[in-house]
Amino acid sequence: MTIEVWSDVACPWCYIGKTRFLSALDRFENKDRVNVIWRSYQLAPETPVGAGRTELDALVEMKGMAPDQVRQMFAHVSATAAEVGLTLDFDTVIAANTFDAHRLLHLAGERQNELLEALFKAHFSDGKVIDDREVLVELAVSVGLDADVVREQLGSDAAAEAVREDLSMARQLQVSGVPFFVANRAVAVSGAQPEEVFLQLLTQASEPA
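This is a predicted model, so every value here is computed, not measured.

About the criteria used
- Residues take numbers from 1 onward in each chain, read along the sequence in its written order.
- Whole-chain, interface and lining totals are the exception, using all residues; otherwise, since this is a predicted model, local features are given only for residues with pLDDT of at least 70 and side-chain atom pairs are given and counted only at 80 or more.
- Side-chain metrics in this entry use all non-hydrogen atoms of the structure; hydrogen atoms and water are not considered.
- In plain words, nonpolar cores are sets of buried Ala, Val, Leu, Ile, Met, Phe, Trp, Tyr and Cys residues tied together by side-chain atoms within 4.5 Å.
- Relative accessibility decides the category of a residue: with a 1.4 Å probe and only protein chains considered, values under 20% of the type maximum give buried, values over 50% give exposed, and everything between is partly exposed.
- For helices the rule is a DSSP run of H or I covering at least 4 residues; for strands it is a run of E covering at least 2, with both sets numbered from the N terminus onward.
- Residue contacts follow a heavy-atom distance rule, with two residues in contact if any of their heavy atoms lie within 4.5 Å.
- Pairing between two strands is assigned when DSSP locates at least 2 bridges connecting them.
- All axes here are fitted lines through C-alpha atoms, helices being fitted over the stretch that makes contact, and every angle between N-to-C directions spans 0 to 180 degrees.
- Method remark: on a 1 Å grid restricted to protein atoms, a set of points is classed as a cavity if a 1.4 Å probe fits but cannot get out and as a pocket if it is open with protein on both sides within 12 Å along at least five of seven lines; lining residues have an atom within 4 Å of a point.
- Grid points are joined across faces, edges and corners, and a volume is the space filled by probe spheres set on the points.
- In this classification, the charged set is Asp, Glu, Lys and Arg, the nonpolar set is Ala, Val, Leu, Ile, Met, Phe, Trp, Tyr, Cys and Pro, and all remaining amino acids, among them Gly, are polar.
- Expected helix span is taken as 1.5 Å per residue step, with the number of steps being one fewer than the number of residues.
- Taking the helix axis as origin, the arc is that swept by the directions to the C-beta atoms.
- Aromatic rings from Phe, Tyr and Trp, with only the six-membered ring used for Trp, were paired whenever their centres fell within 6.5 Å, and each pair was classed as stacked if the ring planes differed by under 30 degrees, edge-to-face if by over 60, and tilted otherwise.

Here the focus is the nonpolar core. If you look at the biggest cluster of nonpolar residues, it comprises 65 residues, and the most contacted ones within it are Trp 6, Val 9, Phe 21, Leu 88, Leu 115, Leu 119 and Leu 139. Sorting elements by how many residues they give to this core places helix H5 (residues 112–124) first, with seven residues. Once you skip the residues sitting within four places of it in the chain, Val 9 turns out to touch Thr 98, Ala 101, His 102, Leu 105, Leu 116, Leu 119, Phe 120, His 123, Phe 124 and Ile 130.

The strand order E2-E1-E3-E4 describes an open sheet built from four strands, whose pairing is mixed. What marks the edges here is a single partner per strand, and that holds for strand E2 (35–40) and strand E4 (187–190). With direction set aside, neighbouring strand axes in the sheet form an average angle of 20°. Summarising the sheet, strand E1 (residues 2–7) and strand E3 (residues 180–183) pair through four bridges and their orientation is antiparallel. Residue pairing for E3: Glu 4 is matched across the bridge by Val 182.

What follows covers the layout of surface pockets. Here the largest pocket is characterised by a volume of approximately 570 Å³. Those elements that provide at least two residues to the lining of the largest pocket are helix H1 (12–27), helix H2 (55–63) and helix H3 (67–83). With six residues, H2 is the single largest residue contributor to the lining of the largest pocket. The residue inventory of the lining of the largest pocket, partitioned by class, reads 18 nonpolar, four polar and six charged.

An ideal rise of 1.5 Å per residue puts 16 Å on 12 residues; helix H9 (residues 195–206) measures up with 17 Å between its terminal C-alpha atoms. Of all the positions in H9, only Phe 198, Leu 199, Leu 201, Leu 202 and Ala 205 are classed as buried. Buried residues of H9, seen end-on, are gathered within an arc of 155° and therefore sit on one face of the element. For H9, the elements touching its buried residues are E1, H1, E3 and E4.

Here the structure, examined in full by the defined rule, presents seven aromatic pairs. Measuring from centroid to centroid gives 6.2 Å for Tyr 15 and Phe 124, while their planes differ by 25°, and the two rings are stacked. Here the residue Tyr 15 occupies a position in helix H1, and Phe 124 occupies one in helix H5, the gap between them amounting to 109 residues. Taken as a pair, Tyr 15 and Phe 124 share a single burial class, namely buried. Geometrically, the ring pair formed by Phe 21 and Phe 181 is tilted, given 5.3 Å between the ring centres and 40° between the ring planes. In this pair, Phe 21 sits in helix H1 while Phe 181 sits in strand E3, placing the two residues 160 residues apart along the sequence. Just as Phe 21 is buried, Phe 181 falls in that class too.

And the structure:
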């Protein structure tokens, strides 16, 4: 069974959804037969690289919301994340363009899941600027990738087309929000659903057609 997950590294619900999904997968009796592919999605592709704006300022501008409204939203997301053991510190989150991070995830091979976890933690818990290529190199090294190779890849167009293909596929599948989970291109679930919903997805997708 193949599960494709469209998500964005700068999406807190994707971090929560990934955590809940992997907990469900761990409980699934046929988990060894499940291949998980993390696909690229950009919620804010127009975010300028290296702008260094706080997430609060970026959302106030992008969504036209009052700062207090955004802070309430942050508090709600942080409380939900805490329920699955995640610490989100929105006071330190820097808005970032995630295109290079997605390229790196495509280049990470079997380390993809570990790297995605490292990227989420860096962005939401550690206040790291994930559109800074040296930060990306540092995170790649932390999961066992070679610094010089990664630096060279990021300096080229490596995997840029793969990211664009994921974004194009998302449009074809009419993905309008992430995280978005698709099993065998037949059954889909949208959002950071409870574990039981993900278990149902896995069970349904494993049944003979």
